[in-house]
Amino acid sequence: RTRTYRIAEDLKRRIRLRDGTCRHPGCSVRAEFCDVDHVRPFDHTDPSRGGPTAEHNLMCLCRRHHRFKTHGSWRYHLERDGTLTVVTDTGRRLRTRPFGPLARWRELEAHGRVAPDVVWPPNRGGYRLAC
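Report on the accompanying structure.

**Quick notes on the overall build of the protein chain**
Inference 1: Within the protein chain, the secondary structure is distributed over 3 helices and 5 strands.
Inference 2: Beginning at the N terminus, the succession of helices and strands in the protein chain can be written as α-β-β-α-β-β-β-α.
Inference 3: For the protein chain, buried positions account for 42% of its 131 residues.
Inference 4: Sequence separation of 24 or more characterises 53% of the internal contacts of the protein chain that already satisfy a separation of 6 or more.
Inference 5: Accessible surface, the protein chain as shown: approximately 8,400 Å² in total, 49% of it carbon and sulfur.

Structure follows, in structure tokens:
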């Protein structure tokens, strides 16, 4: 699944639940109205060389910022915890963290603030959270 360009609907949903909004610094467009974009571009010629279609390489960007990323000179790096670092053309580093409900859940879980018998998200129609 990581070597295909098309993003599965359940994976898009998970990215939107993680991010909450467009991840471009300063943008607040809700994730449901954003594109889910590869941070490291998918390599259509040789998918094994990079740009996997996986959570650690996907983020929400509104259409405006998706185009800005695709055609601009800024660099984007997404860490496994969802922290995004954007390096501008002048070298300035900007960081954003996801704050959707899934990101908040993971943060609580990491600090032991979630009861071990609580399961989120609930399994609805075969949706599984693979973290």
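**Describing helix α1 (residues 9–19)**
Inference 1: Here α1 has its buried residues at Leu 11, Arg 14, Ile 15, Leu 17, Arg 18 and Asp 19.
Inference 2: The positive-phi residue at the C-terminal boundary of α1 is Gly 20, with phi of around 85°.

**Comments concerning the pairing of strand β2 (residues 58–61)**
Inference 1: The two faces of β2 match: Leu 58 and Cys 60 on one face and Met 59 and Leu 61 on the other face are all buried.
Inference 2: Both strand β1 (residues 35–38) and β2 contribute to a ladder of 4 bridges, which runs antiparallel. Across the sheet, residue Asp 35 finds its bridge partner in β2, namely Leu 61.

**Quick notes on the sheet that holds strand β3 (residues 75–78)**
Inference 1: Spatially, β3-β4-β5 is the arrangement adopted by the 3 strands of the open sheet, whose pairing is antiparallel. Of all strands in the sheet, those bounded by a partner on one side alone are β3 and β5 (93–96). Sheet twist, expressed as the mean angle between neighbouring strand axes with direction ignored, is 20°.
Inference 2: Of the strand pairs in this sheet, strand β4 (residues 84–87) and β5 are connected by 4 bridges, and their pairing is antiparallel. Paired with Leu 84 across the bridge in β5 is Thr 96.

**So, the state of the cysteines**
Between two cysteines, a covalent bond joining their sulfur atoms is known as a disulfide.
Inference 1: For the structure shown, the criterion picks out 0 disulfides.
Inference 2: Looking at Cys 27, it has no disulfide partner, and the nearest cysteine sulfur is the one in Cys 22, 3.7 Å off.
Inference 3: Using a relative accessible area of 16% as the deciding quantity, one classes Cys 27 as buried.
Inference 4: The structure places no disulfide on Cys 60, whose sulfur is separated from the nearest cysteine sulfur, that of Cys 34, by 5.4 Å.
Inference 5: Residue class for Cys 60 comes out buried when judged on its relative accessible area of 0%.

Cut-offs used in this document
Residues numbered from 1 in each chain as written. Predicted model: local features only at pLDDT ≥ 70, side-chain atom pairs only at ≥ 80, totals over all residues. Heavy atoms only, no water. Helix = DSSP H or I, 4+ residues; strand = E, 2+ residues; numbered from the N terminus. Buried < 20%, exposed > 50% of the residue type's maximum accessible area, 1.4 Å probe, protein only. Contact = heavy atoms within 4.5 Å. Areas by Shrake-Rupley, 256 points an atom, 1.4 Å probe, with all protein chains shown as cover. Pairing = 2+ DSSP bridges. Axes fitted to C-alpha atoms, helices over the stretch in contact; angles between N-to-C directions. Disulfide = S-S within 2.5 Å.

It is worth stressing that arrangement in space is one thing and function is another; only the former is reported here.
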